[in-house]
Amino acid sequence: MRAWNILFALSVAAPLYTYGLYPLILKLLPRRTYEKDLNYKPAVSILIAAYNEEKVIEEKIRNLLQLEYPSNKTEILIASDGSTDNTVLRAKRAGKDLIQVLDLPRGGKVAALNTMLSRAKGEIIVFSDANTMFEKDAVQKLVQSFKDERIGCVSGQLRYRVDNTAGEGARSESAYWKYENWVKKQESGLGRLSGANGAIYAIRGECLKNIPAGIINDDFYVSTYILQQGYDVILNTEAIAYEEPNERLEEQFKRHVRDGAGHYQAMRMFWRMLLPRKGSFVYVSHRVIKWLVPFFMITAFISNFILGLKEKGWFFLWLLQATGYLVMLVYWGTVKREIKIKGIVGKLISIVFYFISVNAALLCGFFKFVGNKQKAVWETSR
């Protein structure tokens, strides 16, 4: 039974480490300082890949045209990835002659990004999504850090617009991102940010010529690839963008499944990051262990059950686990019926439910990845 005791202990310790202890360790490590220059204004190319975004593309273009950045140093490219709606028509109408709109055949987001990368002329490349709205000074805040030659990638901070009327999916997503942004802020102080936010980030154009075909999570690939080149990757919390979170849990789950498949793809592609090298501590602690949490949860449940067959104390602990999962299942039913549980209890259950649903999606993503069933092409859930 000693082996089962050890297995259970490891299965519990790993999630506690990645979600709790690791962020505290980051706070104890020495911080790096970087030069910033508000007057540094290099030529910038802003790239947006879009698929069936007719509902938001005009607002996105208006948002970009209102940026407080020299227009003679700003290039905007929008690539429609085989959109079947009026994305292209509305983009051309809103952008007039101020932006480049590319009407591409369906090939996936990476193919659209690569086409734009081959045409982009800017010294700094800014990536964003069609449904993401920038603060007016967001681009200036992103590029000011590139005055420091050690930096190769700067991620901005995404905020979700959530109020008291928001649905369960929106509130859970927003709460998780507050925690995630706090962890990334600690990583940024080391110059080892683990993954840029695809909604708002920038890179040195010389660092990337194209993205390999078949990449699922392009933002994570790009930022990790640049880190491996020896550059620092940081977060600028003053470069702010906003999105409306998807309130439908089903759509969130699908997105997390896709992201999960991309995570395991990244583990295979960046296997060298498992060895001691620049950024490996952050990568393993924040990413790899977190991506393995679904398997730790399953192992903890099984090992606890086996230990419970011998001792009543262990069996009682297993009953607590089983009851917890049952409560989450019932809670999912209340969410489906749009019934809200208010107060501290409701918030606590909501957080636990989001944690379990994200890890369930990760597990589904793993099987999609190993079964080669996750396509690189994307769908719009808005």
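If you're wondering where the values come from, they're calculated on a predicted model, not measured in any experiment.

Chemist: Requested: an account of the overall build of the protein, with residues and values cited.
Modeler: For the protein, the count of helices and strands is 12 helices and 8 strands. For the protein, whose C-alpha radius of gyration is 22 Å, the value lies close to the compact-globule estimate of 21 Å for 382 residues. Summarising its shape, the C-alpha atoms of the protein cover approximately 75 × 45 × 40 Å along the three principal directions. A separation of at least 24 residues holds for 82% of the contacts in the protein among residues at least 6 apart in sequence. Accessible surface for the protein amounts to roughly 18800 Å². Of this, 58% is attributable to carbon and sulfur atoms. Each charge class in the protein can be summarised by its mean position, and for the 52 positive and 37 negative side chains these summaries are 5 Å apart.

Chemist: Break down helix 10 (residues 293-308) for me, with residues and values.
Modeler: The first and last C-alpha atoms of helix 10 sit 22 Å apart over 16 residues, in line with the 22 Å expected at 1.5 Å per residue. Among the residues of helix 10, V293, P294, M297, A300, S303, N304, L307 and G308 are the ones counted as buried.

Chemist: How would you explain the sheet that holds strand 4 (residues 124-128) if you had to name every residue and give the values?
Modeler: Strand order in this open sheet of 8 strands is 3-2-1-4-7-6-8-5, and the pairing throughout is mixed. The strands lining the two open edges of the sheet, one partner per strand, are strand 3 (100-104) and strand 5 (133-134). By the bridge criterion, 7 bridges tie strand 1 (residues 44-50) to strand 2 (residues 74-81) in an arrangement that is parallel. Note on strand 2: the bridge partner recorded for A49 is A79. Its contacts with the sheet place helix 4 (residues 109-119) against strand 1, strand 2, strand 3 and strand 4, and it is angled at close to 150 degrees to strand 2.

Chemist: Summarise the nonpolar core; cite the residues concerned and give the values.
Modeler: By size, the foremost hydrophobic cluster in this structure holds 42 residues, and its most contacted members are L47, M116, F127, I203, I211 and V222. Beyond its immediate stretch of four places on either side in the chain, I203 contacts E123, I124, I125, F127, F146, G152, C153, L208, V222 and I226.

Chemist: Tell me about the pattern of salt bridges, and please be specific about residues and values.
Modeler: According to the stated counting rule, one finds 10 salt bridges in the structure shown. A salt bridge links D232 to R32; its shortest N-O distance comes to 2.7 Å. Of this pair, D232 sits in strand 8 (residues 232-243) while R32 is found in the loop between helix 1 (2-28) and strand 1, placing the two residues 200 residues apart along the sequence. Note that E238 is salt-bridged to K141, the shortest N-O span being 3.4 Å. Residue E238 is found in strand 8, and its partner K141 is found in helix 5 (residues 138-143); the two are separated by 97 residues along the sequence. Among the ionic contacts, a cluster of salt bridges with common partners joins R32, R192, D232 and K278.

Chemist: Provide a residue-level description of the packing of helix 8 (residues 249-269) against helix 9 (residues 280-291), including the pertinent values.
Modeler: Put simply, helix 8 and helix 9 touch, their axes get as near as 10 Å, and they point 125 degrees apart. Relative to helix 9, helix 8 is oriented oblique. For the pair helix 8 and helix 9, the sense of crossing is left-handed. For the pair helix 8 and helix 9, contact is made by H263, Y264, A266 and M267 and by Y283, V288 and W291, respectively. For the contact of helix 8 with helix 9, a count of residues per class yields 6 nonpolar, 1 polar and no charged.

Chemist: So what about helix 9? Which residues, and what values?
Modeler: Of all 12 residues in helix 9, 10 are buried, a share of seventy percent or more. Within the span of helix 9, buried status applies to S280, V282, Y283, S285, H286, R287, V288, I289, K290 and W291.

Chemist: Provide a residue-level description of the side chain of D218, including the pertinent values.
Modeler: Examined against the element boundaries, D218 turns out to sit in helix 7 (residues 218-228). For D218, a relative accessible area of 7% translates into the label buried.

Chemist: Describe the pairing of strand 1, and please don't skip the residues or the numbers.
Modeler: In terms of burial, strand 1 is largely enclosed, as 7 of its 7 residues are buried. Side chains V44, I46, I48 and A50 of strand 1 all project onto a buried face; the interleaved residues S45, L47 and A49 project onto the opposite face, where all are buried too. Once the chain exits strand 1 it traverses helix 2 (residues 57-65) before rejoining the sheet at strand 2, and the crossover so formed is right-handed.

Chemist: I'd like a description of the environment of P23, backed by residues and values.
Modeler: Mapped onto the elements of the fold, P23 is located in helix 1. Along the backbone, P23 and Y69 are 46 residues apart, and their C-alpha atoms lie at a distance of 35 Å. With residues near it in sequence (within four places) discarded, P23 still touches Y17, T18, Y179, W182 and V183.

Chemist: Account for the packing of aromatic side chains, naming residues and giving values.
Modeler: A complete count under the given rule lists 20 aromatic pairs for this structure. Taking 5.2 Å as the distance between ring centres and 80 degrees as the angle between the ring planes, the aromatic pair formed by Y264 and F366 counts as edge-to-face. One end of the pair, Y264, is in helix 8; the other, F366, is in helix 12 (residues 343-370), and 102 residues separate them in sequence. Summarising the aromatic geometry, the rings of Y331 and F353 are spaced 5.2 Å apart at their centres and angled 70 degrees between planes, so their arrangement reads as edge-to-face. Highlighted residues: Y331 in helix 11 (residues 312-336) and F353 in helix 12, separated in sequence by 22 residues.

Chemist: I'd like a description of the packing of helix 9 against helix 10, backed by residues and values.
Modeler: Where helix 9 contacts helix 10, the axes come no closer than 5 Å and their chain directions differ by 50 degrees. Taken together, helix 9 and helix 10 sit at an angle that is classed as oblique. Every residue of helix 10 that contacts helix 9 at I289, K290 and W291 is listed here: V293, P294, F295 and F296. When grouped by side-chain class, the residues that make up the contact of helix 9 with helix 10 number 6 nonpolar, no polar and 1 charged.

Chemist: A description of unusual backbone geometry should follow, citing residues and the corresponding values.
Modeler: Of note in the backbone geometry, N52 takes a positive phi value of approximately 50 degrees without being a glycine. Since its relative accessible area comes to 22%, N52 is described here as partly exposed.

The rules behind each value
Residues numbered from 1 in each chain as written. Predicted model: local features only at pLDDT ≥ 70, side-chain atom pairs only at ≥ 80, totals over all residues. Heavy atoms only, no water. Helix = DSSP H or I, 4+ residues; strand = E, 2+ residues; numbered from the N terminus. Rg over C-alpha atoms; globule rule 2.2 N^0.38 Å. Contact = heavy atoms within 4.5 Å. Areas by Shrake-Rupley, 256 points an atom, 1.4 Å probe, with all protein chains shown as cover. Lys, Arg positive; Asp, Glu negative; His and termini not counted. Charge placed at Lys NZ, Arg CZ, Asp CG, Glu CD. Expected span 1.5 Å × (residues − 1). Buried < 20%, exposed > 50% of the residue type's maximum accessible area, 1.4 Å probe, protein only. Pairing = 2+ DSSP bridges. Axes fitted to C-alpha atoms, helices over the stretch in contact; angles between N-to-C directions. Core = buried A, V, L, I, M, F, W, Y, C linked by side-chain atoms within 4.5 Å. Salt bridge = Lys/Arg side-chain N within 4 Å of Asp/Glu carboxyl O. Parallel < 35°, antiparallel > 145°, perpendicular 65-115°, else oblique. Left-handed = near helix turned anticlockwise from the far one by under 90°. Nonpolar A, V, L, I, M, F, W, Y, C, P; charged D, E, K, R; others polar. Right-handed = clockwise from strand over helix to strand, strands pointing away. Phe/Tyr/Trp six-rings, centres within 6.5 Å; stacked < 30°, edge-to-face > 60°.

As far as function goes, none of this settles anything; it's purely spatial.
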